[in-house]
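# Coordinate inspection notes
Below are the chains, spelled out letter by letter.
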Amino acid sequence: MKAVVIRTFGGPDGLEVVEAPEPLPGPGQVRIATEAIGVGGVDAVIRRGTLAAYGFREGHVLGSEVAGRVIGVGEGVDAAWIGREVWAFTGLSGGYAELAVAAVEDVLALPDGLTGVDAVTLGGSGVVAHFALERARFMPGDTVLVQGAAGSIGITAVQLAAKGGARAVAVTTSSAERGTRLRNLGATYVLDRSGELAGPDAPEGFDVVIDVVAGPELRLFLDKLSPNGRYVAVGVVAGPPPADFGMRLIDAFRTSLSFTTFSSDTVPVDDRQAVRAAQFTDAARGELRTVVHEVLPLERAALAHRAMDAGEVFGRVVLKP
């Protein structure tokens, strides 16, 4: 089968299409013929070698979420899964391939009306957005800032905050065109990447900041928190923040600010799947929008990564075998 591996860590040119052994489902797993493969920010972070200390090595097959048809099951798995169209989380590997395996508890049947492309656009990111807002103790009437709103996590967070009764939803973006698109998804204020240019009537501070980007600018956005504000970092697309960023919190001690990181790995599988199933149903009904930047052949995975590195992607790039 065809798969995309990291030949060398670094830029997108380090990705290579290879012929790889076909994976077989182990106990508790299903085997999926992939029809859509999500390209996420974490894939780029792994590709660059940023997470090499966590055991990622050259030859690693990227990809964490796929959609497709179940074509086999391992020991202990109900054979009724065979033939069903599903979304699946494959861990942090194995998705960029014609065939993938996943634990059955990480597999969800697709509702009628939801395509595989839409499923991999929403499946992972929607859960992160939902539980990040929950971790931030988001309440109706709060003001919310989404840093990195042009990606699939940010796009979903904007919609959920708006639907949840936020008094204001601000976003950071790199262009007026993107700002218009985000307004159509529920944003009420558009800031530049430094957090400025929101307009004279914009909130002076925010109750909640959801940050997909992190990087050296994180400390600037800590300054955007209102008293008792809650900051949740859900990604490090721009790399880790400065080592001393916590001094911003200490300097603002009397305003009772909170900072936390969030990974959906800490949410019980059943809870993740329940939220995901509800979001899939909402998306199938048109009540939650998915934004697909582009659909590319699997062999052009490097092109997808170049677009992400260049900041050109609005929504999610999807690969098709």
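Here is what the cut-offs are and how they apply
Residues numbered from 1 in each chain as written. Predicted model: local features only at pLDDT ≥ 70, side-chain atom pairs only at ≥ 80, totals over all residues. Heavy atoms only, no water. Helix = DSSP H or I, 4+ residues; strand = E, 2+ residues; numbered from the N terminus. Buried < 20%, exposed > 50% of the residue type's maximum accessible area, 1.4 Å probe, protein only. Contact = heavy atoms within 4.5 Å. Areas by Shrake-Rupley, 256 points an atom, 1.4 Å probe, with all protein chains shown as cover. Lys, Arg positive; Asp, Glu negative; His and termini not counted. Charge placed at Lys NZ, Arg CZ, Asp CG, Glu CD. Core = buried A, V, L, I, M, F, W, Y, C linked by side-chain atoms within 4.5 Å. 1 Å grid on protein atoms, 1.4 Å probe; cavity = no way out; pocket = protein on both sides within 12 Å on 5 of 7 lines; lining within 4 Å. Points joined across faces, edges and corners; volume = space filled by probe spheres on them. Nonpolar A, V, L, I, M, F, W, Y, C, P; charged D, E, K, R; others polar. Phe/Tyr/Trp six-rings, centres within 6.5 Å; stacked < 30°, edge-to-face > 60°. Lys NZ or Arg CZ within 6 Å of the ring centre and 35° of its normal. Pairing = 2+ DSSP bridges. Axes fitted to C-alpha atoms, helices over the stretch in contact; angles between N-to-C directions. Parallel < 35°, antiparallel > 145°, perpendicular 65-115°, else oblique. Polar contact = N/O pair within 3.5 Å; in protein donor to acceptor, adjacent residues only side chain to side chain. Salt bridge = Lys/Arg side-chain N within 4 Å of Asp/Glu carboxyl O.

The next thing to look at is the overall build of the chain. Looking only at helices and strands, the chain features eight helices and 15 strands. For the chain, the residues scored as buried account for 51% of the 321 residues in total. The contacts of the chain with a sequence gap of at least 6 include a subset with a gap of at least 24, amounting to 71%. Split by element, the accessible area of the chain, about 14000 Å² in all, is 52% carbon and sulfur. Across the chain, the mean location of the 29 positive side-chain charges is 3 Å away from that of the 38 negative side-chain charges.

Moving on to the nonpolar core. Core analysis: the biggest nonpolar cluster contains 49 residues, and Val171, Leu182, Ile210, Val234, Phe262 and Phe280 have the highest contact counts within it. Listed by contribution, the elements that provide at least two residues to this core are helix H2 (116-135), strand S8 (143-147), helix H3 (152-163), strand S9 (168-172), strand S11 (206-211) and helix H7 (269-284). The element that contributes the greatest number of residues to this core is H2, accounting for 10 residues. Ignoring sequence-local partners within four residues, the contact set of Ile210 consists of Ala132, Leu133, Ala136, Leu145, Val146, Gln147, Val232 and Val234.

Let's shift gears to empty space enclosed by the protein. For the structure shown, the criterion picks out one cavity of 30 Å³ or more. Its volume calculated, the largest cavity comes out at about 40 Å³. Thr121, Leu122, Ser152, Ile155, Thr156, Arg289, Thr290 and Val291 are the residues that line the largest cavity. Where the lining of the largest cavity is concerned, the elements lending two or more residues are H2 and H3. Classifying every residue of the lining of the largest cavity gives three nonpolar, four polar and one charged.

Before going further, it helps to examine the packing of aromatic side chains. According to the stated counting rule, one finds three aromatic pairs in the structure shown. Ring centres of Trp87 and Phe280 lie 6.4 Å apart, and the angle between their planes is 75°; on these two criteria the pair is classed as edge-to-face. Residue Trp87 is located in strand S5 (residues 85-89), and its partner Phe280 is located in helix H7; the two are separated by 193 residues in the primary sequence. Using a relative accessible area of 1% as the deciding quantity, one classes Phe280 as buried. Through pairs of rings, three or more aromatic residues link up here, namely Tyr231, Phe245 and Phe259. When the ring centre of Trp81 is taken as reference, the NZ or CZ atom of Arg84 above it lies at 5.0 Å.

Okay, the pairing of strand S3 (residues 29-39) next. Among the 11 residues of S3, nine are classified as buried, and the element is accordingly described as predominantly covered. As defined by bridge partners, S3 adjoins strand S6 (residues 99-103) across five bridges and the pair is classed as antiparallel. By the bridge assignment, Ala33 is partnered in S6 with Leu99. Direction of pairing for S3 relative to strand S4 (residues 65-73): antiparallel, over a ladder of seven bridges. Bridged to Ala33 within S4 is Arg69.

A word on the packing of helix H1 (residues 41-48) against helix H8 (residues 301-309). Viewed as axis vectors pointing N to C, H1 and H8 meet at an angle of 100°, and their least axial separation amounts to 10 Å. Taken together, H1 and H8 sit at an angle that is classed as roughly perpendicular. From H1, Gly41, Asp43, Ala44, Arg47 and Arg48 reach across to H8, where they touch His305, Met308 and Asp309. Taken together, the residues of the contact of H1 with H8 sort by class into two nonpolar, two polar and four charged.

Right, let's talk about the environment of Thr34 for a bit. On the secondary structure map, Thr34 appears in strand S3. As for Thr34 and Gly116, which are separated by 82 residues in sequence, their C-alpha atoms are 9.1 Å apart. Apart from residues no more than four positions distant in its own chain, Thr34 is found in contact with Val66, Ala67, Gly68, Ala97, Glu98, Leu99, Ala100 and Pro321. Among the polar contacts listed, one links the side chain of Thr34 to the backbone oxygen of Ala97, at a separation of 2.6 Å.

Residues other than glycine seldom take positive phi values, yet Arg137 does so here, at roughly 55°. Positionally, Arg137 belongs in the loop between H2 and S8. Although it is not a glycine, Ala214 sits at a positive phi angle of roughly 60°. Tracing the backbone through its elements, the reader meets Ala214 in the loop between S11 and helix H5 (218-222).

One pass over the full model with this rule turns up 12 salt bridges. Two residues, Asp309 and Arg48, come together in a salt bridge whose shortest N-O distance is 2.9 Å. Of this pair, Asp309 sits in helix H8 while Arg48 sits in helix H1; the two residues are 261 residues apart in sequence, bridging distant segments of the chain. Residue Arg48 is classed as partly exposed on the basis of its relative accessible area of 32%. One salt bridge connects Asp244 with Arg219, and the closest N-O pair in it is separated by 3.7 Å. Residue Asp244 is found in the loop between strand S12 (225-233) and helix H6 (246-251), and its partner Arg219 is found in helix H5; the two are separated by 25 residues along the sequence. Look at Asp244 and you get partly exposed, because its relative accessible area is 44%. Three or more residues are tied together by salt bridges with common partners; here these are Arg47, Arg48 and Asp309.

So, to be careful, I would describe these as geometric facts and stop short of saying anything about function.
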